[in-house]
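Each chain is listed here by its residues.
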Amino acid sequence: KQWYQRRVRGVQCSFLTRFLFDMTFSLLVLVVSAASCMAATQNKLLRFPEELSTANYVILNPDMSSVRGEISVCTWLKKRLDMDRAGIPWFSYAVSGGDNSLLLKAQLHNVLIGSGTYFDMLFSTSIMRDEWYNLCFTWKSGRADYYINGVWVYTGGVHPTGQLPLGGTLVLGQEQDFPGGGFDNNDVFAGDMYQLNIFKRKLTLGEVTEMYYNGRCAELCRALSYEVVLSWGDILERGVVKGDVTMEDDECNNWSVVSDVVDLLVQHLNTRPR
């Protein structure tokens, strides 16, 4: 009787082990499918060359109708050069008859023109070379904030009011003096850009901080993804790449995670009781 009970328990354990393995393998298949999808669309960065030129930028014409009085723009940046003389522009939105309706830089200042009024927002924080930073500008008429790595860095007292104009041109990596042009070699970004998203509302400090602590390789949480009006995938698909700017594979590679899971499964399969 004891031999029979041990035999039954052995069969039950073997069945349970096999069941858990099959379930894990099924989940692995789903992870592989999701990873291949993301690698094909999102897992790219834009590289702006270190040899500065006004020919290097990305340009597109986004629909800004849903962000006229409220907007957030967040990205990951890595600068390649130390450029103390310039603010390192990474986002420039300009309309006909003016220069920058919204200009975002990695240091010195940001600019917003709301309903025709010019607002210059100075800040003193700068970023180091060859390091990834999360930059986030959030604005709702009457209040602007700027965050670097989830930390509030805008201490100025200027808070733009009004509305952003429609029908503008968006340029990444240069500062426009008129839509699609008027570039200056002193205002050029050199480095890598990844996961730039435009949101249709002013994000909270908690949302910005969570985005940073989730890490550069994490996808946006589902709640935030519903607020995106121009995604990184949209930019890569619709943006026109000029000059020597290139689209490169990013270090965020889900396949390395999948490979680790496969190795663990194979190890488990080889060591489980027969």
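Our structure is the block above this text.
Just so you know, these numbers come straight off a predicted model, no measurement behind them.

1. Quick word on the overall build of the protein chain
- When its secondary structure is counted, the protein chain shows 5 helices and 15 strands.
- Per-residue burial for the protein chain yields a buried fraction of 43% across its 274 residues.
- Across the protein chain, contacts joining residues at least 24 apart in sequence account for 72% of those joining residues at least 6 apart.
- Carbon and sulfur atoms form 53% of the exposed surface of the protein chain, whose accessible area is close to 13,900 Å².

2. A closer look at the packing of aromatic side chains
- Tallied over the entire structure, the rule returns 8 aromatic pairs.
- With a centroid separation of 6.1 Å and an interplanar angle of 25 degrees, the aromatic rings of Trp 76 and Tyr 212 are classed as stacked. Pair noted here: Trp 76 is in strand β3 (residues 70–79) and Tyr 212 is in helix α2 (residues 205–214), with a separation of 136 residues, a long-range link.
- Given a relative accessible area of 8%, Trp 76 falls into the buried group.
- Here Tyr 212 falls in the partly exposed class, since its relative accessible area comes to 25%.
- Between the aromatic rings of Phe 123 and Tyr 146, the centroid separation amounts to 4.9 Å while the plane-to-plane angle is 55 degrees, which identifies the pairing as tilted. Residue Phe 123 is located in the loop between β7 (117–122) and β8 (133–140), and its partner Tyr 146 is located in strand β9 (residues 143–148); the two are separated by 23 residues in the primary sequence.
- Connected via pairs of aromatic rings, a cluster forms that spans Trp 76, Tyr 212 and Tyr 213.

3. Considering the state of the cysteines
- Across all of its chains, the model carries 2 disulfides by this definition.
- Each disulfide pairs two cysteine sulfurs, and for Cys 74 the partner residue is Cys 136, the sulfurs being separated by 1.7 Å. One quick way to see it: the torsion about the S-S bond of Cys 74 and Cys 136 is about 60 degrees, and its sign makes the bridge right-handed. Of this pair, Cys 74 sits in strand β3 while Cys 136 is found in strand β8, placing the two residues 62 residues apart along the sequence.
- According to the relative accessible area criterion, Cys 74 is buried, its value standing at 1%.
- There is a disulfide in this structure between Cys 217 and Cys 252, and the S-S distance comes to 1.9 Å.

4. With respect to the pattern of salt bridges
- In the structure shown here, the tally under the stated rule is 15 salt bridges.
- With a closest N to O distance of 2.8 Å, Asp 192 and Arg 47 form a salt bridge. In this pair, Asp 192 sits in strand β12 (residues 191–199) while Arg 47 sits in strand β1 (residues 44–48), placing the two residues 145 residues apart along the sequence.
- Look at Arg 47 and you get partly exposed, because its relative accessible area is 29%.
- For Glu 251, the salt bridge identified is with Arg 216, shortest N-O distance 3.5 Å. Here Arg 216 lies in the loop between α2 and α3 (222–225) and Glu 251 lies in the loop between β15 (246–249) and α5 (254–271), a separation of 35 residues in the sequence.
- The class for Arg 216 is buried, based on a relative accessible area of 13%.
- Among the charged side chains, a salt-bridge network with shared partners connects Arg 47, Lys 79, Arg 80, Asp 82, Arg 129, Asp 130 and Asp 192.

5. Observations regarding α2
- When α2 is considered as a whole, its buried residues turn out to be Glu 207, Val 208 and Met 211. Looking straight down α2, one finds its buried side chains confined to an arc of 100 degrees; they lie on one side.
- Looking at the buried residues of α2, the elements they touch are β3, β8, β9, β12 and α3.
- Count one or two residues on from α2 and you reach Gly 215, which has phi positive near 95 degrees.

6. Digging into the nonpolar core
- Of all hydrophobic cores here, the largest spans 47 residues; its most connected members are Trp 90, Phe 91, Leu 102, Leu 172 and Leu 196.
- Beyond its immediate chain neighbours, meaning those up to four positions away, Leu 172 contacts Leu 46, Phe 48, Tyr 57, Val 58, Trp 90, Phe 91, Met 193, Leu 196 and Ile 235.
- Counting residues in hydrophobic clusters, the runner-up holds 8 residues, among them Cys 136, Leu 203, Val 208 and Leu 224.

7. Focus on the sheet that holds strand β5 (residues 102–105)
- As summarised here, the arrangement of the 7 strands in space is β7-β6-β5-β4-β11-β2-β14, forming an open sheet in which the pairing is antiparallel. Looking at which strands have only one partner, the edges of the open sheet turn out to be β7 and β14 (240–242). The mean angle between the axes of side-by-side strands here comes to 15 degrees, regardless of whether they run parallel or antiparallel.
- As paired strands, strand β6 (residues 109–114) and β7 are joined by 6 bridges and run antiparallel to one another. For Gly 114, the partnering residue across the bridge sits in β7 and is Thr 117.

Cut-off values and rules
Residues numbered from 1 in each chain as written. Predicted model: local features only at pLDDT ≥ 70, side-chain atom pairs only at ≥ 80, totals over all residues. Heavy atoms only, no water. Helix = DSSP H or I, 4+ residues; strand = E, 2+ residues; numbered from the N terminus. Buried < 20%, exposed > 50% of the residue type's maximum accessible area, 1.4 Å probe, protein only. Contact = heavy atoms within 4.5 Å. Areas by Shrake-Rupley, 256 points an atom, 1.4 Å probe, with all protein chains shown as cover. Phe/Tyr/Trp six-rings, centres within 6.5 Å; stacked < 30°, edge-to-face > 60°. Disulfide = S-S within 2.5 Å. Salt bridge = Lys/Arg side-chain N within 4 Å of Asp/Glu carboxyl O. Arc of directions from axis to C-beta. Core = buried A, V, L, I, M, F, W, Y, C linked by side-chain atoms within 4.5 Å. Pairing = 2+ DSSP bridges. Axes fitted to C-alpha atoms, helices over the stretch in contact; angles between N-to-C directions.

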